[in-house]
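Structural characterization, general
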Amino acid sequence: MKKDINGKTKIIGVIGKNIENSLSPLIHNQIILKYSLNFRYMPFQITETDLGKAIQGIKGLNIKGVNITFPYKEKVIEFLDEVEESARRIGAVNTIVNNKGILTGYNTDVFGFKKSLQEDGKFAIKKKKTVIFGAGGAARGVIYALLEEGIEEICIFNRTLEKAKKIKQDFSSFFPRSCINAFSLEEENLKDKIKKAHLLVNTTSLGMPPKIDDAPLQNQNLFHSNLLVYDLIYYPAKTLFLRRAERAGAKTINGLPMLVYQGIESFYLWTGFKPEGKEILEIIERSA
Ligand code: ATR
């Protein structure tokens, strides 16, 4: 990081609802520091009623770009000028770039999820079966990534069944040969689907503060040792969901590698500069 803020310093940041525990400021400011770049990355915690004004503020203050996090990844789209093709199909944006007053939305979660599964989870996606908890903006990025890489079956379990059905409907048109099933969280099918699955992903906020004693899967006997259990949450580093999975002998991965990889991709969109993922992940693991 250039030591002093000066007249040429550019601002980037993150917009979300509960971002006190976000590691994005640490990740981006560590990159800025390591490579002596004249940027600063700021947290912007806002309420839903202020979302439109906050997005307009990016233009007004000539902020270079922002990440968008829980729970605004879908809602933010209506306030943008343009949405890149895959983000539009996904229906969720986690990165906004301000190019001379034109705000364009991107989704770098897809890249981050794929890279973390492959490099940190050592998981080959093709021909595998998966169970996804949740059907919000984060789930959409995860499901899109899995479909692009040729996953055999996706079973979405969500509290609100309609949202899971909507993902099935939206994505079936882009991936006509895909097998997507939508269930409500209480479904009988859960037991059978987890038994046959290779990958279990939590995309809900259950396990995140203040819900740290909660988990999307209540019956801990359903975990098994052939599963890779993935929680998109990274704070706390081990959610109840992951602790239970580990006890059953399953391999686990939390959301930190994905956060770092998607962040690096966003950073590249704002600055044209792409640092090495592993190197930044190690710095964050040491200082988080
Ligand atoms: P994000 O952009 O991070 O995906 P989101 O779009 O608000 O955020 O989605 C949050 C997800 O967590 C949803 O799947 C939500 O379920 P609903 O679609 O039924 O709202 C899920 N979720 C949040 N709180 C929950 C709870 N208490 N029980 C079960 N699911 C919950």
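Everything below is about the structure shown above.
Report on the accompanying structure.

Cut-offs applied
Residues numbered from 1 in each chain as written. Predicted model: local features only at pLDDT ≥ 70, side-chain atom pairs only at ≥ 80, totals over all residues. Heavy atoms only, no water. Disulfide = S-S within 2.5 Å. Buried < 20%, exposed > 50% of the residue type's maximum accessible area, 1.4 Å probe, protein only. Helix = DSSP H or I, 4+ residues; strand = E, 2+ residues; numbered from the N terminus. Polar contact = N/O pair within 3.5 Å; in protein donor to acceptor, adjacent residues only side chain to side chain. Contact = heavy atoms within 4.5 Å. Expected span 1.5 Å × (residues − 1). Axes fitted to C-alpha atoms, helices over the stretch in contact; angles between N-to-C directions. Parallel < 35°, antiparallel > 145°, perpendicular 65-115°, else oblique. Left-handed = near helix turned anticlockwise from the far one by under 90°. Nonpolar A, V, L, I, M, F, W, Y, C, P; charged D, E, K, R; others polar. Pairing = 2+ DSSP bridges. Core = buried A, V, L, I, M, F, W, Y, C linked by side-chain atoms within 4.5 Å. Patch = residues over 30% accessible without salt bridge, like charges linked within 9 Å, V, L, I, M, F, W, Y side chains within 5 Å. Areas by Shrake-Rupley, 256 points an atom, 1.4 Å probe, with all protein chains shown as cover. Salt bridge = Lys/Arg side-chain N within 4 Å of Asp/Glu carboxyl O. Lys, Arg positive; Asp, Glu negative; His and termini not counted. Charge placed at Lys NZ, Arg CZ, Asp CG, Glu CD.

Glancing now at the state of the cysteines. If you walk through the whole model with that rule in mind, you get 0 disulfides. Of all cysteine sulfurs, the one in Cys-179 lies closest to Cys-155, which takes part in no disulfide; the gap is 6.7 Å. Look at Cys-179 and you get partly exposed, because its relative accessible area is 30%.

Following the sequence through the fold, Lys-114 ends up in helix 4 (residues 109-120). For Lys-114, a relative accessible area of 15% gives the class buried. In this structure the side chain of Lys-114 is engaged in a polar contact, spanning 3.0 Å, whose partner is the side chain of Glu-149. Apart from residues lying up to four places away in sequence, Lys-114 is in contact with Ala-145, Glu-148 and Glu-149.

Moving on: helix 4. In a regular helix each residue adds 1.5 Å, so 12 residues correspond to 16 Å; helix 4 covers 15 Å between its end C-alpha atoms and thus fits that length. Taken together, the buried positions of helix 4 are Asp-109, Val-110, Gly-112, Phe-113, Lys-114, Ser-116 and Leu-117. Where helix 4 is buried, its residues touch helix 3 (85-90), helix 5 (137-148), strand 10 (199-202), strand 11 (228-231), strand 12 (251-253) and helix 9 (256-271). Backbone geometry just after helix 4 places Lys-122 at a positive phi near 50°.

Quick look at the packing of helix 4 against helix 5 now. Where helix 4 contacts helix 5, the axes come no closer than 8 Å and their chain directions differ by 60°. Taken together, the axes of helix 4 and helix 5 lie oblique to each other. As helix 4 runs across helix 5, the sense of the crossing is right-handed. Only Gly-141, Val-142, Tyr-144, Ala-145, Leu-146 and Glu-148 of helix 5 make contact with helix 4, whose side of the interface consists of Val-110, Phe-113, Lys-114 and Leu-117.

What follows covers the packing of helix 1 (residues 24-34) against helix 10 (residues 277-287). Running from N to C, helix 1 and helix 10 cross one another at 115°; their axes reach a closest spacing of 10 Å. Here helix 1 runs over helix 10; the crossing is right-handed. Contact residues: Leu-26, Ile-27, Gln-30, Ile-31 and Lys-34 in helix 1; Glu-279, Ile-280, Ile-283, Ile-284 and Ser-287 in helix 10. Within the contact of helix 1 with helix 10, the residues separate by chemical class into 6 nonpolar, 2 polar and 2 charged.

Read across the open sheet, the 6 strands follow the order 2-1-3-5-6-4; overall the sheet is mixed. In the strand order of this sheet, the two ends are held by strand 2 (39-45) and strand 4 (82-83), each with one partner. Examined bridge by bridge, strand 1 (residues 10-16) and strand 3 (residues 65-68) share 4 bridges and lie parallel to one another. Considered in strand 3, the bridge of Ile-12 is made with Gly-65. Each of strand 1, strand 2, strand 3, strand 5 (95-99) and strand 6 (102-106) touches helix 9; the most contacted strand, strand 5, lies at about 5° to it.

We now examine the nonpolar core. Formed by 33 residues in total, the largest nonpolar core has its most connected members in Phe-113, Leu-117, Ile-143, Leu-146 and Tyr-230. Mapped onto this core, the elements with two or more residues apiece are helix 4, helix 5, strand 8 (153-158), helix 6 (161-174), strand 9 (180-184), strand 10 and strand 11. Among the elements that line this core, the one with the most residues is helix 5, at 8 residues. When near neighbours in sequence (up to four residues on either side) are disregarded, Phe-113 contacts Val-142, Ala-145, Leu-146, Val-201, Tyr-230, Leu-232 and Met-258. Counting 23 residues, the second-largest nonpolar core is a separate cluster that includes Val-97, Ile-264, Phe-267 and Leu-281.

This part is about a positive patch on the surface. Residues Lys-17, Lys-75, Arg-159, Lys-163 and Lys-211 make up a contiguous surface patch of positive charge. If you trace the backbone, Arg-159 turns up in the loop between strand 8 and helix 6.

Pairing in this open sheet of 6 strands is parallel, and the strands run 9-8-7-10-11-12 from one edge to the other. Of all strands in the sheet, those with a lone pairing partner are strand 9 and strand 12, marking the two edges. Each strand axis lies, on average, 15° off the axis of its neighbour in the sheet, ignoring direction. With respect to the sheet, helix 4 is in contact with strand 10, strand 11 and strand 12, its orientation differing from that of strand 11 by roughly 140°.

So, to be careful, I would describe these as geometric facts and stop short of saying anything about function.
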